[in-house]
Amino acid sequence: MSYVLITGASSGIGKVFAKEYASRGNNLILVARSGEKLEALADTLTGTYGINVRTFTQDLSLQDSAEKVFDFCKKEKLAVRTLVNNAGFGLNGAFDSLPLESHEKMVVLHNLTLIKLTYLFLPEMKRRNQGEILNVSSITAFQGIPYNAVYAATKAFVLSFSESIREELRHSGIHVFALCPGLTETEIFEKTGIDPYRTLMPVGPPEPVVRAAIKALQKNRTYSVPGLINKILIHGGRLLPRTLMLKLGMVLSRREKSTVKTLAGNNLT
Ligand SMILES: NC(=O)c1ccc[n+]([C@@H]2O[C@H](COP(=O)([O-])OP(=O)(O)OC[C@H]3O[C@@H](n4cnc5c(N)ncnc54)[C@H](OP(=O)(O)O)[C@@H]3O)[C@@H](O)[C@H]2O)c1
(Lines give C-alpha, C1' and ligand atoms only; values in the text may rest on other atoms or scores of the structure.)
Protein backbone atom coordinates (compact mmCIF):
# COMPACT_ATOMS: atom_id res chain seq x y z
CA MET A 1 0.00 0.00 0.00
CA SER A 2 1.57 3.33 -1.03
CA TYR A 3 1.29 6.69 0.69
CA VAL A 4 1.58 10.42 0.08
CA LEU A 5 3.72 11.96 2.84
CA ILE A 6 2.96 15.62 3.49
CA THR A 7 5.02 17.77 5.86
CA GLY A 8 3.31 20.76 7.43
CA ALA A 9 -0.13 19.19 6.99
CA SER A 10 -1.70 20.74 10.10
CA SER A 11 -2.66 24.02 8.39
CA GLY A 12 -2.61 26.14 5.24
CA ILE A 13 -1.27 24.78 1.98
CA GLY A 14 -0.23 21.44 3.52
CA LYS A 15 -3.71 20.82 4.92
CA VAL A 16 -5.22 21.55 1.51
CA PHE A 17 -2.72 19.12 -0.07
CA ALA A 18 -3.93 16.49 2.40
CA LYS A 19 -7.59 17.12 1.53
CA GLU A 20 -6.90 17.16 -2.20
CA TYR A 21 -4.84 13.94 -2.21
CA ALA A 22 -7.40 12.27 0.06
CA SER A 23 -10.25 13.22 -2.29
CA ARG A 24 -8.33 11.41 -5.05
CA GLY A 25 -8.21 8.22 -2.96
CA ASN A 26 -4.59 8.40 -1.76
CA ASN A 27 -3.43 7.11 1.62
CA LEU A 28 -1.62 9.75 3.65
CA ILE A 29 1.16 10.26 6.18
CA LEU A 30 0.74 13.66 7.82
CA VAL A 31 3.65 15.30 9.64
CA ALA A 32 3.82 18.50 11.72
CA ARG A 33 4.30 19.60 15.34
CA SER A 34 0.57 19.99 16.13
CA GLY A 35 -0.35 16.36 16.77
CA GLU A 36 -3.95 17.10 17.79
CA LYS A 37 -4.63 19.02 14.59
CA LEU A 38 -3.15 16.18 12.54
CA GLU A 39 -5.31 13.62 14.38
CA ALA A 40 -8.47 15.68 13.83
CA LEU A 41 -7.68 16.02 10.12
CA ALA A 42 -6.87 12.31 9.85
CA ASP A 43 -10.24 11.39 11.43
CA THR A 44 -12.12 13.65 9.03
CA LEU A 45 -10.31 12.39 5.94
CA THR A 46 -10.59 8.73 6.94
CA GLY A 47 -14.31 9.15 7.63
CA THR A 48 -14.99 11.05 4.40
CA TYR A 49 -12.85 9.16 1.91
CA GLY A 50 -12.24 5.73 3.49
CA ILE A 51 -8.48 6.02 3.07
CA ASN A 52 -5.65 5.15 5.49
CA VAL A 53 -4.16 8.18 7.23
CA ARG A 54 -1.16 7.97 9.57
CA THR A 55 0.14 10.90 11.57
CA PHE A 56 3.60 11.62 12.95
CA THR A 57 4.16 14.51 15.34
CA GLN A 58 7.59 15.97 14.77
CA ASP A 59 9.44 19.28 14.90
CA LEU A 60 11.17 19.25 11.52
CA SER A 61 13.48 22.12 12.39
CA LEU A 62 15.55 19.68 14.44
CA GLN A 63 18.63 18.30 12.70
CA ASP A 64 17.73 14.61 13.12
CA SER A 65 14.01 14.96 12.40
CA ALA A 66 14.07 13.58 8.84
CA GLU A 67 15.67 10.36 10.09
CA LYS A 68 12.88 10.04 12.68
CA VAL A 69 10.19 10.41 10.02
CA PHE A 70 11.96 7.89 7.79
CA ASP A 71 12.43 5.39 10.65
CA PHE A 72 8.72 5.66 11.53
CA CYS A 73 7.73 4.86 7.93
CA LYS A 74 10.21 1.98 7.78
CA LYS A 75 9.07 0.50 11.08
CA GLU A 76 5.40 0.77 10.08
CA LYS A 77 6.17 -0.53 6.56
CA LEU A 78 4.66 2.55 4.89
CA ALA A 79 5.86 2.91 1.28
CA VAL A 80 6.08 6.58 0.31
CA ARG A 81 5.18 7.09 -3.36
CA THR A 82 4.79 10.88 -3.16
CA LEU A 83 6.78 13.17 -0.88
CA VAL A 84 5.42 16.69 -0.38
CA ASN A 85 8.03 18.85 1.35
CA ASN A 86 5.78 21.70 2.41
CA ALA A 87 6.45 22.61 6.07
CA GLY A 88 7.71 26.13 6.51
CA PHE A 89 7.38 29.37 8.40
CA GLY A 90 8.03 33.05 7.84
CA LEU A 91 10.20 35.63 9.51
CA ASN A 92 9.71 39.35 9.32
CA GLY A 93 12.41 41.87 10.07
CA ALA A 94 15.91 43.07 9.31
CA PHE A 95 18.33 40.13 9.15
CA ASP A 96 20.38 41.18 12.18
CA SER A 97 17.35 42.14 14.27
CA LEU A 98 16.09 38.55 14.40
CA PRO A 99 17.50 35.85 16.69
CA LEU A 100 20.20 33.74 15.03
CA GLU A 101 18.33 30.68 16.29
CA SER A 102 15.31 31.54 14.13
CA HIS A 103 17.48 31.75 11.00
CA GLU A 104 19.04 28.41 11.89
CA LYS A 105 15.66 26.74 12.39
CA MET A 106 14.48 28.10 9.06
CA VAL A 107 17.50 26.78 7.17
CA VAL A 108 17.15 23.36 8.80
CA LEU A 109 13.38 23.16 8.16
CA HIS A 110 13.28 24.60 4.63
CA ASN A 111 16.53 23.10 3.35
CA LEU A 112 18.31 20.46 5.43
CA THR A 113 15.21 18.45 6.36
CA LEU A 114 13.94 18.70 2.78
CA ILE A 115 17.27 17.38 1.45
CA LYS A 116 17.38 14.59 4.01
CA LEU A 117 13.79 13.44 3.42
CA THR A 118 14.45 13.42 -0.32
CA TYR A 119 17.70 11.50 0.15
CA LEU A 120 16.15 8.94 2.49
CA PHE A 121 13.00 8.18 0.48
CA LEU A 122 14.67 8.27 -2.96
CA PRO A 123 16.24 4.75 -2.97
CA GLU A 124 12.85 3.05 -2.50
CA MET A 125 11.31 5.23 -5.23
CA LYS A 126 14.21 4.28 -7.52
CA ARG A 127 13.73 0.58 -6.79
CA ARG A 128 10.10 0.91 -7.87
CA ASN A 129 11.01 3.14 -10.85
CA GLN A 130 8.22 5.39 -9.67
CA GLY A 131 7.84 8.33 -7.34
CA GLU A 132 7.02 12.00 -6.99
CA ILE A 133 8.75 14.72 -5.00
CA LEU A 134 6.91 18.01 -4.67
CA ASN A 135 8.91 20.74 -2.97
CA VAL A 136 7.16 23.92 -1.87
CA SER A 137 9.28 26.93 -2.76
CA SER A 138 7.85 30.44 -3.28
CA ILE A 139 7.83 33.36 -5.71
CA THR A 140 10.50 34.76 -3.39
CA ALA A 141 12.83 32.14 -4.92
CA PHE A 142 13.38 34.39 -7.91
CA GLN A 143 14.96 37.39 -6.18
CA GLY A 144 16.26 38.68 -2.86
CA ILE A 145 13.60 40.14 -0.56
CA PRO A 146 14.69 42.75 2.01
CA TYR A 147 13.39 41.92 5.52
CA ASN A 148 12.80 38.35 4.36
CA ALA A 149 16.44 37.65 3.52
CA VAL A 150 16.83 34.11 4.87
CA TYR A 151 13.32 33.11 3.82
CA ALA A 152 13.90 34.18 0.20
CA ALA A 153 17.34 32.53 0.16
CA THR A 154 15.99 29.22 1.49
CA LYS A 155 13.23 29.24 -1.12
CA ALA A 156 15.76 29.96 -3.92
CA PHE A 157 17.67 26.94 -2.62
CA VAL A 158 14.54 24.77 -2.83
CA LEU A 159 13.92 25.76 -6.46
CA SER A 160 17.55 25.29 -7.51
CA PHE A 161 17.88 21.95 -5.71
CA SER A 162 14.61 20.67 -7.20
CA GLU A 163 15.62 21.65 -10.75
CA SER A 164 19.02 19.98 -10.39
CA ILE A 165 17.90 16.62 -9.04
CA ARG A 166 14.98 16.60 -11.45
CA GLU A 167 17.48 16.43 -14.31
CA GLU A 168 19.55 13.79 -12.52
CA LEU A 169 16.40 11.66 -12.16
CA ARG A 170 15.02 12.34 -15.64
CA HIS A 171 15.07 8.69 -16.75
CA SER A 172 14.25 7.15 -13.38
CA GLY A 173 10.45 7.39 -13.43
CA ILE A 174 10.61 9.87 -10.56
CA HIS A 175 9.11 13.32 -11.06
CA VAL A 176 10.56 16.25 -9.11
CA PHE A 177 8.60 19.48 -9.07
CA ALA A 178 8.88 22.83 -7.29
CA LEU A 179 5.76 24.82 -6.41
CA CYS A 180 6.36 28.57 -6.24
CA PRO A 181 3.19 30.13 -4.80
CA GLY A 182 2.56 33.82 -4.53
CA LEU A 183 0.88 35.27 -1.47
CA THR A 184 -1.64 32.68 -0.29
CA GLU A 185 -4.26 33.08 2.47
CA THR A 186 -2.93 30.84 5.24
CA GLU A 187 -1.95 31.17 8.88
CA ILE A 188 1.64 32.02 7.92
CA PHE A 189 0.97 35.76 7.86
CA GLU A 190 -0.72 35.89 11.25
CA LYS A 191 2.15 33.88 12.75
CA THR A 192 4.73 36.12 11.09
CA GLY A 193 3.06 39.48 11.69
CA ILE A 194 2.84 40.40 8.01
CA ASP A 195 -0.22 41.94 6.39
CA PRO A 196 -0.13 40.45 2.85
CA TYR A 197 -2.69 42.98 1.57
CA ARG A 198 -0.29 45.87 2.27
CA THR A 199 2.31 44.49 -0.16
CA LEU A 200 0.19 45.31 -3.25
CA MET A 201 0.83 41.77 -4.52
CA PRO A 202 -2.19 39.58 -5.36
CA VAL A 203 -3.38 37.34 -2.50
CA GLY A 204 -5.42 34.19 -3.16
CA PRO A 205 -6.79 31.07 -1.45
CA PRO A 206 -4.70 27.87 -1.20
CA GLU A 207 -7.10 25.50 -3.00
CA PRO A 208 -6.35 26.59 -6.61
CA VAL A 209 -2.62 26.70 -5.78
CA VAL A 210 -2.68 23.07 -4.63
CA ARG A 211 -4.83 21.85 -7.52
CA ALA A 212 -2.52 23.59 -10.01
CA ALA A 213 0.50 22.01 -8.31
CA ILE A 214 -0.86 18.46 -8.47
CA LYS A 215 -1.79 18.95 -12.12
CA ALA A 216 1.67 20.34 -12.94
CA LEU A 217 3.35 17.46 -11.11
CA GLN A 218 1.27 14.93 -13.06
CA LYS A 219 2.31 16.67 -16.29
CA ASN A 220 5.93 16.39 -15.11
CA ARG A 221 6.50 20.16 -15.16
CA THR A 222 9.70 21.52 -13.60
CA TYR A 223 8.08 24.23 -11.50
CA SER A 224 4.99 26.36 -11.44
CA VAL A 225 4.08 29.87 -10.37
CA PRO A 226 0.28 29.77 -9.88
CA GLY A 227 -1.75 32.86 -10.84
CA LEU A 228 -1.53 35.01 -13.97
CA ILE A 229 -0.30 38.18 -12.27
CA ASN A 230 2.34 36.24 -10.34
CA LYS A 231 3.51 34.62 -13.59
CA ILE A 232 3.76 38.00 -15.33
CA LEU A 233 5.61 39.57 -12.39
CA ILE A 234 8.07 36.70 -12.04
CA HIS A 235 8.77 36.02 -15.70
CA GLY A 236 8.63 39.73 -16.66
CA GLY A 237 10.85 40.56 -13.71
CA ARG A 238 13.51 38.19 -14.96
CA LEU A 239 14.00 40.47 -17.99
CA LEU A 240 14.76 43.45 -15.74
CA PRO A 241 18.07 44.14 -13.94
CA ARG A 242 18.23 42.31 -10.58
CA THR A 243 19.11 45.59 -8.82
CA LEU A 244 15.87 47.15 -10.07
CA MET A 245 13.83 44.17 -8.84
CA LEU A 246 15.56 44.43 -5.46
CA LYS A 247 14.62 48.11 -5.20
CA LEU A 248 11.01 47.17 -6.00
CA GLY A 249 11.15 44.48 -3.31
CA MET A 250 12.42 47.11 -0.87
CA VAL A 251 9.55 49.48 -1.71
CA LEU A 252 6.94 46.74 -1.19
CA SER A 253 8.58 45.61 2.08
CA ARG A 254 8.70 49.21 3.39
CA ARG A 255 5.05 49.69 2.49
CA GLU A 256 4.09 46.56 4.43
CA LYS A 257 6.31 47.59 7.35
CA SER A 258 4.72 51.02 7.62
CA THR A 259 1.75 49.67 9.57
CA VAL A 260 2.66 46.24 10.82
CA LYS A 261 4.75 45.45 13.86
CA THR A 262 7.82 43.25 13.55
CA LEU A 263 7.70 39.98 15.47
CA ALA A 264 11.33 39.40 16.32
CA GLY A 265 11.16 36.01 18.02
CA ASN A 266 8.33 34.26 16.20
CA ASN A 267 8.02 30.54 15.66
CA LEU A 268 10.61 29.65 18.23
CA THR A 269 8.29 27.73 20.52
N1 LIG B 1 1.18 31.42 2.40
C2 LIG B 1 1.96 31.95 1.47
O3 LIG B 1 1.76 33.10 1.02
C4 LIG B 1 3.12 31.17 0.92
C5 LIG B 1 3.72 31.63 -0.26
C6 LIG B 1 4.78 30.93 -0.78
C7 LIG B 1 5.23 29.80 -0.16
N8 LIG B 1 4.66 29.36 0.99
C9 LIG B 1 5.18 28.16 1.63
O10 LIG B 1 4.13 27.23 1.80
C11 LIG B 1 4.47 26.34 2.85
C12 LIG B 1 3.27 26.20 3.78
O13 LIG B 1 3.01 27.43 4.40
P14 LIG B 1 1.55 27.96 4.70
O15 LIG B 1 1.40 29.25 4.01
O16 LIG B 1 0.56 26.91 4.46
O17 LIG B 1 1.69 28.31 6.26
P18 LIG B 1 0.95 27.76 7.54
O19 LIG B 1 -0.52 27.79 7.39
O20 LIG B 1 1.56 28.49 8.67
O21 LIG B 1 1.40 26.22 7.59
C22 LIG B 1 2.73 25.87 7.86
C23 LIG B 1 2.80 24.38 8.13
O24 LIG B 1 4.17 24.04 8.39
C25 LIG B 1 4.25 23.38 9.64
N26 LIG B 1 5.48 23.70 10.33
C27 LIG B 1 5.99 24.93 10.64
N28 LIG B 1 7.12 24.81 11.37
C29 LIG B 1 7.32 23.47 11.53
C30 LIG B 1 8.30 22.71 12.20
N31 LIG B 1 9.30 23.28 12.87
N32 LIG B 1 8.21 21.36 12.16
C33 LIG B 1 7.17 20.75 11.51
N34 LIG B 1 6.23 21.42 10.85
C35 LIG B 1 6.30 22.75 10.87
C36 LIG B 1 3.04 23.90 10.44
O37 LIG B 1 2.65 22.93 11.40
P38 LIG B 1 2.92 23.01 12.98
O39 LIG B 1 2.92 24.43 13.39
O40 LIG B 1 1.82 22.16 13.53
O41 LIG B 1 4.26 22.35 13.15
C42 LIG B 1 1.99 23.99 9.35
O43 LIG B 1 1.39 22.74 9.15
C44 LIG B 1 5.71 26.93 3.53
O45 LIG B 1 6.85 26.24 3.10
C46 LIG B 1 5.73 28.37 3.04
O47 LIG B 1 7.02 28.91 3.02
C48 LIG B 1 3.59 30.03 1.55
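It should be emphasised that the depicted structure is a prediction, and the values quoted were computed from it without experimental measurement. (Residues numbered from 1 in each chain as written. Predicted model: local features only at pLDDT ≥ 70, side-chain atom pairs only at ≥ 80, totals over all residues. Heavy atoms only, no water.)

Caption draft 1: Broad picture of the overall build of the protein chain. Across its full length, the protein chain holds nine helices and nine strands. Here the C-alpha atoms of the protein chain give a radius of gyration of 18 Å, agreeing with the 18 Å that 2.2 N^0.38 yields for 269 residues. Seen along its three principal axes, the alpha-carbon backbone of the protein chain occupies a region of about 50 × 40 × 35 Å. Among the 269 residues that make up the protein chain, the fraction classed as buried is 52%. Counting contacts in the protein chain only where the partners sit at least 6 residues apart, residues at least 24 apart contribute 73% of the total. Per element, the accessible surface of the protein chain, about 12800 Å² overall, is 56% carbon and sulfur. If you average the places of the 33 positive and of the 23 negative side-chain charges in the protein chain, the two averages end up 6 Å apart. (Helix = DSSP H or I, 4+ residues; strand = E, 2+ residues; numbered from the N terminus. Rg over C-alpha atoms; globule rule 2.2 N^0.38 Å. Buried < 20%, exposed > 50% of the residue type's maximum accessible area, 1.4 Å probe, protein only. Contact = heavy atoms within 4.5 Å. Areas by Shrake-Rupley, 256 points an atom, 1.4 Å probe, with all protein chains shown as cover. Lys, Arg positive; Asp, Glu negative; His and termini not counted. Charge placed at Lys NZ, Arg CZ, Asp CG, Glu CD.)

Caption draft 2: Fine view of the site of the ligand. The full set close to the ligand counts 31 residues, and S34, N86, Y151, T186 and K191 are the nearest of them. The contact in question runs from an oxygen atom of the ligand to an N or O atom on the side chain of S11, over 2.9 Å. Separating an oxygen atom of the ligand from a backbone N or O atom of G88 is a distance of 3.4 Å. Top element by residues in the shell around the ligand is helix α6 (residues 188–192). It accounts for three residues. A breakdown of the residues in the shell around the ligand according to their chemical character gives 12 nonpolar, 14 polar and five charged. (Near = heavy atom within 4 Å. Polar contact = N/O pair within 3.5 Å; in protein donor to acceptor, adjacent residues only side chain to side chain. Nonpolar A, V, L, I, M, F, W, Y, C, P; charged D, E, K, R; others polar.)

Caption draft 3: Structural view of the sheet that holds strand β1 (residues 2–7). One open sheet holds the seven strands; their spatial order is β3-β2-β1-β4-β5-β6-β9, and the pairing between them is parallel. Both outer strands of the open sheet, β3 (53–57) and β9 (223–224), are each paired with one neighbouring strand and no more. With six bridges joining them, strand β5 (residues 131–136) and strand β6 (residues 174–179) adopt parallel strand pairing. Bridge pairing in β6 places V136 opposite L179. (Pairing = 2+ DSSP bridges.)

Caption draft 4: Region of the structure containing helix α8 (residues 228–237). The complete set of buried residues in α8 reads N230, I234 and G237. Angular distribution of buried residues about the axis of α8 spans 75°; they occupy a single face of the element. In α8, the exposed positions that point more than 90 degrees away from the buried face belong to L228, I229 and I232. (Arc of directions from axis to C-beta.)

Caption draft 5: Expanded view of the packing of helix α1 (residues 12–23) against helix α2 (residues 35–49). Where α1 contacts α2, the two axes come as close as 10 Å, and the packing angle between them is 20°. The angle between α1 and α2 places the two elements in the roughly parallel class. Crossing geometry of α1 relative to α2 is assigned as right-handed. Touching K15, A18, K19, A22 and S23 of α1 are L41, L45 and Y49, all from α2. The residue inventory of the contact of α1 with α2, partitioned by class, reads five nonpolar, one polar and two charged. (Axes fitted to C-alpha atoms, helices over the stretch in contact; angles between N-to-C directions. Parallel < 35°, antiparallel > 145°, perpendicular 65-115°, else oblique. Left-handed = near helix turned anticlockwise from the far one by under 90°.)

Caption draft 6: The arrangement of the environment of K15 in detail. Tracing the chain through its elements places K15 in helix α1. K15 sits 72 residues away from A87 along the chain, and the two C-alpha atoms are 10 Å apart. Residues within four places of K15 in sequence aside, it is in contact with G8, A9, S10 and L41.

Caption draft 7: Local environment of the packing of α1 against helix α7 (residues 206–218). It is at 9 Å that the axes of α1 and α7 come closest, and there the two elements cross at 60°. Our classification of the angle between α1 and α7 gives oblique. α1 and α7 meet at a crossing whose hand is right-handed. Taking contact as the criterion, the partners of I13, V16, F17, E20 and Y21 in α1 are, on α7, P206, E207, V210, R211, A213, I214 and L217.

Caption draft 8: Structural detail: the side chain of E132. Of note, E132 is situated in strand β5. An unpaired buried charge is present at E132: no salt bridge exists, and R81, the closest side chain of opposite charge, is 4.2 Å distant. Once you skip the residues sitting within four places of it in the chain, E132 turns out to touch R81, T82, L83, M125, I174, H175 and L217. (Salt bridge = Lys/Arg side-chain N within 4 Å of Asp/Glu carboxyl O.)

Caption draft 9: Focus on the pattern of salt bridges. Throughout the structure, instances matching the rule amount to nine salt bridges. The partner of E76 in a salt bridge is R54, with the nearest N and O atoms 3.0 Å apart. Here E76 is found in the loop between α3 (65–75) and β4 (79–85), whereas its partner R54 is found in strand β3, with 22 residues between them in sequence. What you see here is one network of salt bridges that share partners, running through E20, R24 and R211.

Caption draft 10: Examining the pairing of β3 more closely. Here strand β2 (residues 27–32) runs beside β3; their pairing, made up of five bridges, is parallel. From the neighbouring strand, I29 faces β3, where its bridge partner is R54. Following the backbone out of β2, through α2 and into the adjacent parallel β3, one traces a crossover that is right-handed. (Right-handed = clockwise from strand over helix to strand, strands pointing away.)

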